[in-house]
Amino acid sequence: MKFIEQLKAVFISLKMVDKARNQEMTSADWKAIRVAYRKEYGTELADDQAEFQRQQEAKTSIAGDPSQEAADNAAALAILNAALAEASGGNDNENAPAGCAATPVQRTDSVVDAAQAIAGALREMSRQTLPDKPATVNGSALSPNGPGHTEAYFCGIEHPLYSMERRYNRIALNPALALTQPLNAVMEKEVGAEFREQLSAYAGIVAGRINELRQANLLNPALLAEGVSIGIDPKGLGDQYLTRRTDLLIARLATIRNVYDIFPRRFGVQDREVMINAFFGDFSQAYQKGGIWKGNVELQPEICYVDDAMFKTLFNSMKEIERQYIGYLNTEGSDPIKWTMIEWAMLNISTKLIEEQNQRKVLGLYVKPEDGKSGHTLNAGTGVYYTLLRYYNEGKIALVDDSAFSGYTSGATMVACVTNFLLSLSERVPDLDKYEVILNANHRAMWKAGIREIYGKDTDFTGPQGDVVPDHQNRIRWCPYGKTLPFIWVQKPGNIQSIELTAGEMHAVQFESDMEDVKAWSIWKEGTSAAYAGKPFKTKAERAAHGFEDQEIFCNKPCVALAADAEQVTVSGDFRHYVTGVNTAAKAITDIVGAKAGVAYLIEVGDETHPQTIAKSGKFADLTEAFTPTKKGDYLMVILNADGDRFRELERCVGGTRTINQALQPNVPGGR
């Protein structure tokens, strides 16, 4: 019964059970079923159907004309209803689709019979169903550029958004209009208000469409470029064109380089969500008589959380927007789609927001902004680097704390560093072949150069595959937006996740006029969490003593070792982690030279003989109190303020006790 259970699970995950019961499935829906089945189980639906029938030695056939798509769909729906009814123990005959006399469905005593029937029906449907194509007119697919310009509508698309009564659409057709009929103060106010109203409405359409496509597992640029019909309103041709163009705009956004194939998105988290992990003790023992029991199951929560992020800016005047749009028309002549000014503005705003969000997804850290001052884009949400650093500070994971793995300077040293890093793990981590290695995409050329240098004389002079770690065969995932940081992250695929509330909410831009200013903004939630990082220990030292026990994320420690008796930290490249050395006398750190805006720096005590202190004065005057460490591993994490003249304290650890500054990081677990 594995196949029928898998098939029902796909229907449930796509929320299409009700559509199936109500006989509302479209060809696009069936295509989504096949795509989701392939993605979830790694096999083709048709192949599993055939294998299922061979196993059951089914001889059932579906009556009727197999060339009729509607009949096939109806038959499959009827059998699905029977299968669902069998599983639920109820009688769903009254829900069977009408018009299925050629394939009568009776309540069977065996789920096998129902499963065989649906397998046969779907097999036939897989052969006969037409590909999911965009809506058509008289047999011709809808062109995103419409049937052609008319006096009433841009591109001939009969929808208010494309009405030629709107100045911005007339400029899209004839850019010279902006020069021959320049905006005056009165027109600026009227046209600007109309433009912002329409752009805000269209932003809502884009946000809603993104969420609709995500729920149908169709948020894929290749599928959207080909054209999908889900959500297409058959009543209005103008709406169909609008949806088709919106899908292509979303497809364009989906092609922006991102990290979501490495750190998949998890939706529905409004504040916090608890994920329960089970830790199993030993169960087996030699036999002996009597009630000698052994083994236990310990449950530990993993908390994922989101922070509020926002985009808020003063919008340009319509005159400036028109000038920029005309510049786009003059330079983007090869663009297959002629975007209206509304669509062009939405595309540019969303592109920038996506790029900034992906930067945060790797190196961002949420910091509550100072009152009345704008915050840095990296501080609107927390990404992977600082999430893993938090797990280390919480005692959930131990780092591979070896200076040999803290960085590299050339291709050869990079290959040696990563290869030996995995070698050290292979001696202590079971099933290491199930893990993937995440490296900085900016170092990919360096990696290839190292591969050529080390393995260039082997046999065919090509060396190992470029995206696999030599001698280990672990897949390499190249993570963009990592600047120059030499991180090595090892995880099971999909463990580290991007947390959000609703797909597309970032793109729902709103506008408001305030005297001479025009404000534009959107608000959304974002965060980062692992489904399972590791079993927590009270301190980092205790975690380190247990090695990598009950841990499933492994990281190097990209840091810089300070010289003995150092009295200031000098920032090196994009390193964020600095470790003090073995001092000869009591010293104090007075500055972090070269600190960058938006970057949090962690100063960790590497030796507790004479650990450096930091006084609450000078650039550190805004600390909660003076930093006086007592143990190895104590640390202080700070970030520059908006003016760049003082450091704000984010968290500290003194004597092994971690304290989070809740005023700046209100949502961090352990802080509230």
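Since the structure is predicted, the reported quantities are computational estimates derived from the model, not experimental observations.

**Q** Before we go on, may I ask you to explain the overall build of the chain in this structure?
**A** Of regular secondary structure, the chain possesses 17 helices and 21 strands. In the chain, buried positions account for 50% of the 672 residues. When contacts within the chain are restricted to residue pairs at least 6 apart in sequence, long-range pairs at least 24 apart make up 67% of them.

**Q** Before we go on, may I ask you to explain the sheet that holds strand S9 (residues 488-491) in this structure?
**A** The strands making up a sheet are joined through hydrogen bonds of the backbone, oriented either antiparallel or parallel. With mixed pairing, the four strands of this open sheet are ordered in space as S8-S7-S9-S13. Sheet topology places strand S8 (476-479) and strand S13 (553-555) at the edges, where each strand pairs with a single neighbour. Pairwise comparison of adjacent strand axes, ignoring direction, gives a mean angle of 25 degrees for this sheet. Relative to S8, strand S7 (residues 436-440) runs parallel, the two sharing four bridges. Note on S8: the bridge partner recorded for Ile438 is Arg477.

**Q** What exactly am I supposed to notice about the pattern of salt bridges here?
**A** Note on pairing: side chains with opposite charge can pair once their charged atoms come close. A full pass over the atoms with the stated rule returns 30 salt bridges. We note a salt bridge from Glu320 to Arg323, for which the minimum N-O separation is 2.5 Å. Highlighted residues: Glu320 and Arg323, both in helix H12 (residues 318-331), separated by three residues, approximately one helical turn. Using a relative accessible area of 26% as the deciding quantity, one classes Glu320 as partly exposed. In this structure, a network of salt bridges that share partners links the residues Arg390, Glu394, Lys396, Glu651 and Arg658.

**Q** What is the right way to look at the sheet that holds strand S21 (residues 657-660) in this model?
**A** An order of S14-S16-S18-S19-S20-S21 is seen for the six strands of this open sheet, with the pairing classed as mixed. The open sheet terminates on both sides in strands that have one partner only, identified here as strand S14 (560-561) and S21. Inspection of the sheet shows strand S18 (residues 600-604) paired to strand S19 (residues 635-640) by five bridges, in the antiparallel sense. Across the sheet, Leu602 pairs through a bridge with Met637, a residue of S19.

**Q** Help me understand the environment of His610 in this model?
**A** Its place among the elements puts His610 in the loop between S18 and S19. Classification of His610 as partly exposed rests on a relative accessible area of 30%. Along the sequence, His610 and Val582 sit 28 residues apart, while their C-alpha atoms lie 7.4 Å from each other. Beyond its immediate sequence surroundings of up to four residues, His610 is in contact with Asn583, Thr584, Ala585 and Ala586.

**Q** For this particular structure, what's the right way to read the pairing of strand S10 (residues 496-500)?
**A** A regular strand places its side chains so that they alternate between the two faces of the sheet. S10 sits mainly inside the fold: five of its five residues count as buried. Burial along S10 is two-sided: the face carrying Ile496, Ser498 and Glu500 and the face carrying Gln497 and Ile499 are both buried. Of the pairings in the sheet, the one linking strand S3 (residues 265-266) to S10 comprises two bridges and is parallel in character. For Arg265, the partnering residue across the bridge sits in S10 and is Ser498.

**Q** Is there a simple way to think about the pairing of S7 in this case?
**A** Burial analysis of S7 places five of its five residues in the buried class, the great majority of the element. Pairing analysis gives four bridges linking S7 to S9, with the strands arranged antiparallel. The partner of Ile438 across the bridge, within S9, is Trp489.

**Q** What's the story with helix H14 (residues 384-394) in this structure? I'm lost.
**A** Turn by turn, an α-helix covers 3.6 residues, leaving residues three or four places apart pointing in a common direction. Summarising burial for H14: eleven of the eleven residues are buried, a large majority. For H14, the set of buried residues is Val384, Tyr385, Tyr386, Thr387, Leu388, Leu389, Arg390, Tyr391, Tyr392, Asn393 and Glu394.

**Q** How should the nonpolar core be read in this particular structure?
**A** Taken as a class, soluble globular proteins show a tendency for nonpolar side chains to be buried jointly. Counting residues in each nonpolar core, the largest one holds 76 residues, and the members touching the most others are Phe11, Ile33, Phe195, Leu199 and Met341. Setting aside residues up to four positions removed in sequence, Ile33 forms contacts with Leu7, Val10, Phe11, Leu14, Met16, Met25 and Leu45. Core analysis: the next-biggest nonpolar cluster, separate from the first, contains 55 residues, Tyr386, Leu388, Tyr391 and Ile496 among them.

Cut-offs applied
- Residues numbered from 1 in each chain as written.
- Predicted model: local features only at pLDDT ≥ 70, side-chain atom pairs only at ≥ 80, totals over all residues.
- Heavy atoms only, no water.
- Helix = DSSP H or I, 4+ residues; strand = E, 2+ residues; numbered from the N terminus.
- Buried < 20%, exposed > 50% of the residue type's maximum accessible area, 1.4 Å probe, protein only.
- Contact = heavy atoms within 4.5 Å.
- Pairing = 2+ DSSP bridges.
- Axes fitted to C-alpha atoms, helices over the stretch in contact; angles between N-to-C directions.
- Salt bridge = Lys/Arg side-chain N within 4 Å of Asp/Glu carboxyl O.
- Core = buried A, V, L, I, M, F, W, Y, C linked by side-chain atoms within 4.5 Å.

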